[in-house]
Amino acid sequence: MPGIVIVGAQWGDEGKGKVTDMLAERADVIVRFQGGNNAGHTIVREGVTYKLHLMPSGILHPGKLCVIGNGVVIDPKVLTDELDELRHRGIDTRALRISANAHLIMPYHMMLDEAGEAKLGKLQIGTTRRGIGPSYADKASRLGIRMQDLLDEKILKKKIVAALEPKRLSLRPFAKDPALDLQSMTDEYLTYGHVLEPYIADTSRLVLDRLDHGEMVVFEGAQGALLDIDHGTYPFVTSSNPVAGAACTGAGVGPRDIDEVWGVAKAYTTRVGAGPFPTELDGDLADEIRERGGEYGTTTGRARRVGWIDLVALRYAARLNSLTSLAITKLDVLSGFDTLHACVRYHSAEGAELDGFPYHQTVLHHATGEYAELPGFDEDISGCRSESELPATAREFLRFIADYVGVAIVLVGVGPGREQVIWMDGAESSAVRLAA
Ligand code: IMP
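Undergrad: Hey, could you run me through the domain arrangement of the protein in this one?
TA: Where the parts come together, the accessible area they lose is often given as the size of the interface. Splitting the protein by domain gives domain 1 (3-87 + 203-435) and domain 2 (103-198). Each of domain 1 and domain 2 was reduced to a C-alpha centroid, and the two centroids are 30 Å apart. Across the contact, 27 residues belong to domain 1 and 21 residues belong to domain 2. Of the roughly 1800 Å² buried between domain 1 and domain 2, counting both surfaces, carbon and sulfur atoms make up 62%. When residues of domain 1 are sorted by the area they lose upon contact with domain 2, Val 73, Ile 74 and Pro 76 head the list and together hold 28% of the total. One can count zero salt bridges joining domain 1 with domain 2. Here domain 1 and domain 2 share six residue pairs in polar contact (both at pLDDT 80 or more) between them. Elements with a minimum of two residues in the side of domain 1 that touches domain 2: β6 (73-74) and α2 (76-88). In terms of residue count, α2 provides more of the side of domain 1 that touches domain 2 than any other element does, five residues in total. Residues that form the side of domain 1 that touches domain 2 fall into these classes: ten nonpolar, 14 polar and three charged.

Shown next as structure tokens:
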């Protein structure tokens, strides 16, 4: 049985939650391996909308082991609120397990995120202000506080003191904030520890045991390849690695435990926050795609920047992730355009033609797209359930993407509902066979 990684192949918000949710139905284990509550997955099931931030998508399927891996940074307030909300809506959350090694987001991380962005002024990254970067920074500085620390008051207090010490200057503007009081912070976090204790485990071992027993494990990525701290559009990135390789470090499994890697991409492109975006559109066309696609952030409600599909970037994402399959979402949003555009090359400010994703940030900042123009389709495709029901021009658009990127499309999304998908003909994949 396979280990399947699902990653974003653009700048996040590609619809990974829905794809994961579909595979989760047949999987035995669902693992989140990086990011935190900067992510937001919207899943529509039987007309009910669930917005998940930290919880693996599989939580909506009773009895599946759902794991928050060591690579995730956890805001325990958000997690306990999410657990309460799910329970309130009748979802059984007992199958959740949280890595004892996962790092925590502390109140001061959110303050530092806010202050860091304010200091950057015009140069700001446009973070979600959830404390993600400062929490990963503390992890790398070995000043992080982990899930297991919530279970011992003495250790917790000592670690908070040690973590606060080098931040004193930056936190001075927040000195009077009651959230920074050592005793009340310790008490608050001990309370979270008390609530979360039954879920804390050695999740690496749990996942490997399941793989050893031939069970199907889905590793669910957050954000997307172009927001990767190493390979994305640095510094306009998140502070973790949303690429497939991070499933190993963030869940505690080895590369040989991964059999397939699915990249999820929209039929167009969106981006939240600042940073280069060569295919970005503005004006009426951008507004139209944004409105039709409901392109507003799940986590922050921010309007997303929108543009045509960028195949140069998508091919780069395919390489970084060694994608075995592509899932293309929101194809229905493009219905009604006479001509569809797909970026196949960049032009630098100096006029150079760039077939590959440039390594130099300045080049990317000034790059513009060269587009293949493909005939559009007018039909409402939201009711299509097989490849043959799609208009010929929509099929041609998909074929063009797959040929250019060199990765087969296995799944196409044609609407927000979980049933609004098309499994592509001849998609050879053990996951497809299981899920379709
Ligand atoms: P951070 O992850 O909050 O530090 O934000 C860093 C950058 O990543 C910002 O541009 C955010 O808008 C972006 N980002 C973080 N999480 C997501 C996501 O789930 N979807 C899309 N963009 C995200």
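Here the narrative resumes, following the displayed structure.
Undergrad: Could you clarify how one ought to interpret unusual backbone geometry in this entry?
TA: With the exception of glycine, the majority of residues adopt a negative phi angle, and the majority of peptide bonds are in the trans configuration. Geometrically, the link from Tyr 234 to Pro 235 is a cis peptide bond, its omega value of 5° lying close to zero. Examined against the element boundaries, Pro 235 turns out to sit in the loop between β10 (217-220) and α8 (246-251). The phi dihedral of Lys 330 falls on the positive side, at around 60°, and the residue is not glycine. Locating Lys 330 in the fold gives a position in the loop between β14 (325-329) and β15 (339-347). The partly exposed category is assigned to Lys 330, whose relative accessible area is 24%.

Undergrad: How should the state of the cysteines be read in this particular structure?
TA: Within this structure, the stated rule accounts for zero disulfides. Cys 66 supplies the cysteine sulfur nearest to Cys 248, a cysteine that is in no disulfide, at a spacing of 20 Å. Classification of Cys 248 as buried rests on a relative accessible area of 12%.

Undergrad: Sorry, what's going on with the packing of aromatic side chains here?
TA: Two numbers describe a pair of aromatic rings. These are the distance of the centres and the angle of the planes. In the structure shown here, the tally under the stated rule is six aromatic pairs. With centroids separated by 5.3 Å and ring planes inclined at 50°, the aromatic side chains of Trp 11 and Phe 277 adopt a geometry described as tilted. Taken together, the positions of Trp 11 in the loop between β1 (3-8) and α1 (16-24) and Phe 277 in the loop between β12 (268-271) and α9 (283-293) put the pair 266 residues apart, joining distant regions of the chain. Centre to centre, the rings of Tyr 316 and Phe 357 are 4.4 Å apart; their planes meet at 10°, and the pair counts as stacked. On the criterion of sequence distance, the pair formed by Tyr 316 in helix α10 (residues 311-321) and Phe 357 in the loop between β16 (353-354) and α11 (361-366) is long-range, its members being 41 residues apart. Following the ring pairs from residue to residue traces out a cluster consisting of Tyr 316, Tyr 346 and Phe 357.

Undergrad: Please explain the pairing of strand β2 (residues 29-32) as it appears in this structure.
TA: Regular strands place their side chains on alternate faces of the sheet. Here β2 shows no split at all, with Val 29 and Val 31 on one side and Ile 30 and Arg 32 on the other all buried. Taken together, the four bridges between β2 and strand β5 (residues 65-68) define a ladder with parallel strand orientation. Bridged to Val 31 within β5 is Val 67. Of the pairings in the sheet, the one linking β2 to β10 comprises four bridges and is parallel in character. Residue pairing for β10: Val 29 is matched across the bridge by Val 217.

Undergrad: How should the layout of surface pockets be read in this particular structure?
TA: The gaps of empty space that remain are located by a probe, the size of a water molecule, rolled over the atoms. Considering only enclosed or pocket space, the second largest pocket measures out at about 200 Å³ in volume. For the second largest pocket, the lining is made up of 13 residues, of which Lys 139, Ser 240, Asn 241, Ala 246 and Thr 249 are closest to its centre. Residue assignment for the lining of the second largest pocket shows that the elements contributing at least two residues are α4 (132-140) and α8. With three residues, the single largest contributor to the lining of the second largest pocket is α8. Residue composition of the lining of the second largest pocket, grouped by class: five nonpolar, seven polar and one charged.

Reading the values: the criteria
Residues numbered from 1 in each chain as written. Predicted model: local features only at pLDDT ≥ 70, side-chain atom pairs only at ≥ 80, totals over all residues. Heavy atoms only, no water. Domains from an automatic or database assignment. Contact = heavy atoms within 4.5 Å. Buried area = accessible area lost by both parts, 1.4 Å probe. Salt bridge = Lys/Arg side-chain N within 4 Å of Asp/Glu carboxyl O. Polar contact = N/O pair within 3.5 Å; in protein donor to acceptor, adjacent residues only side chain to side chain. Helix = DSSP H or I, 4+ residues; strand = E, 2+ residues; numbered from the N terminus. Nonpolar A, V, L, I, M, F, W, Y, C, P; charged D, E, K, R; others polar. Buried < 20%, exposed > 50% of the residue type's maximum accessible area, 1.4 Å probe, protein only. Disulfide = S-S within 2.5 Å. Phe/Tyr/Trp six-rings, centres within 6.5 Å; stacked < 30°, edge-to-face > 60°. Pairing = 2+ DSSP bridges. 1 Å grid on protein atoms, 1.4 Å probe; cavity = no way out; pocket = protein on both sides within 12 Å on 5 of 7 lines; lining within 4 Å. Points joined across faces, edges and corners; volume = space filled by probe spheres on them.

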